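The primary structure of each chain is shown beneath.
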Amino acid sequence: MFMRQLHTQLVNPFLEKRLSIATLSKRLRDNIQDLLPTNIGEGTSQQADELDAKKRKGCSLCSYKKNRMTKVRCLKCEKNICGEHKIEICVNCAKLI
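Just so you know, these numbers come straight off a predicted model, no measurement behind them.

Peer 1: I tried to follow the packing of helix H1 (residues 2-19) against helix H2 (residues 26-35) on my own but got confused; where do I start?
Peer 2: In a pair of packed helices, the angle between the axes and the distance between the axes together describe the arrangement. At their nearest, the axes of H1 and H2 sit 10 Å apart, and the two run at 145° to each other. Our pair here, H1 against H2, has a crossing hand that is left-handed. Every residue of H2 that contacts H1 at Leu15, Arg18 and Leu19 is listed here: Leu28, Arg29, Ile32, Gln33 and Leu35. Classifying every residue of the contact of H1 with H2 by side-chain character gives 5 nonpolar, 1 polar and 2 charged.

Next up, the structure:
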């Protein structure tokens, strides 16, 4: 029992540090969270979702042949849109939406 507690105390800081890596795969992140106590792993899935939103993805309206990558999303449907499909409007018109 002592050896298991010692092992846990020595490994947990390493696992916590591993969770802070932004490029960690979802499967590995979930496995680490299962091993850690519940209060330590909280909030990391939300951080992963935020990181996914910041990743560049292909425009959903362009042909795949153009391979246009963007971080911009439509405010209404949340599809990825490139600069060609983005429409800039004034504040007054935005209030009508």
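Peer 1: Just to check I follow, could you spell out the nonpolar core for this structure?
Peer 2: Side chains of a nonpolar character, in soluble globular proteins, are inclined to be buried together. Judged by nonpolar contacts, Leu15, Leu19, Leu24, Ile32 and Leu36 together constitute the single largest core of 5 residues. Excluding residues that lie within four positions of it along the chain, leucine 24 makes contacts with Arg18, Leu19, Arg29 and Ile32.

Peer 1: Looking at this structure, I do not really get the pattern of salt bridges. What am I missing?
Peer 2: Applying the stated criterion across every chain, the model contains 4 salt bridges. Put simply, lysine 66 and glutamate 84 hold a salt bridge, and the shortest N to O gap is 3.8 Å. Of this pair, lysine 66 sits in the loop between strand S1 (57-58) and strand S2 (69-70) while glutamate 84 sits in the loop between S2 and helix H4 (91-96), placing them 18 residues apart in sequence. When the shortest N-O distance is used, the salt bridge between arginine 68 and glutamate 84 registers 2.2 Å. Taken as a pair, arginine 68 in the loop between S1 and S2 and glutamate 84 in the loop between S2 and H4 lie far apart in primary sequence, 16 residues in all. One network of salt bridges, in which partners are shared, links Lys66, Arg68 and Glu84.

Peer 1: Looking at this structure, how should I read H1?
Peer 2: Residues lying three or four places apart along an α-helix face the same way, a consequence of the helix completing one turn every 3.6 residues. If you check H1, its first and last C-alpha atoms are 26 Å apart, about what 18 residues at 1.5 Å a residue would give, namely 26 Å. Of all the bends in H1, the largest measures some 30° and sits at valine 11, one to four residues before the proline proline 13. Of the residues making up H1, those classed as buried are Asn12, Leu15 and Leu19.

Peer 1: Please explain the environment of arginine 68 as it appears in this structure.
Peer 2: Of the residues examined, arginine 68 reaches a relative accessible area of 31% and is grouped as partly exposed. Considering only alpha carbons, one finds arginine 68 and glycine 83, 15 residues apart in sequence, at a separation of 9.2 Å. Every residue in contact with arginine 68, bar those within four places of it in the chain, is listed here: Lys57, Gly58, Cys59, Cys62, Cys82 and Glu84. A polar side-chain atom of arginine 68 sits 2.2 Å from a polar atom in the side chain of glutamate 84.

Peer 1: Would you take a moment to explain unusual backbone geometry for this structure?
Peer 2: Comment: phi is negative for the bulk of residues other than glycine, and the bulk of peptide bonds are trans. The phi dihedral of asparagine 67 is positive, around 50°, even though this residue is not glycine. Here asparagine 67 is to be found in the loop between S1 and S2. The backbone phi angle of glutamate 78 is positive, close to 65°, even though this residue is not glycine. In this fold, glutamate 78 is placed in the loop between S2 and H4.

Calculation rules
- Residues numbered from 1 in each chain as written.
- Predicted model: local features only at pLDDT ≥ 70, side-chain atom pairs only at ≥ 80, totals over all residues.
- Heavy atoms only, no water.
- Axes fitted to C-alpha atoms, helices over the stretch in contact; angles between N-to-C directions.
- Helix = DSSP H or I, 4+ residues; strand = E, 2+ residues; numbered from the N terminus.
- Left-handed = near helix turned anticlockwise from the far one by under 90°.
- Contact = heavy atoms within 4.5 Å.
- Nonpolar A, V, L, I, M, F, W, Y, C, P; charged D, E, K, R; others polar.
- Core = buried A, V, L, I, M, F, W, Y, C linked by side-chain atoms within 4.5 Å.
- Buried < 20%, exposed > 50% of the residue type's maximum accessible area, 1.4 Å probe, protein only.
- Salt bridge = Lys/Arg side-chain N within 4 Å of Asp/Glu carboxyl O.
- Expected span 1.5 Å × (residues − 1).
- Bend = angle between axes of the 7 residues up to and from the residue.
- Polar contact = N/O pair within 3.5 Å; in protein donor to acceptor, adjacent residues only side chain to side chain.

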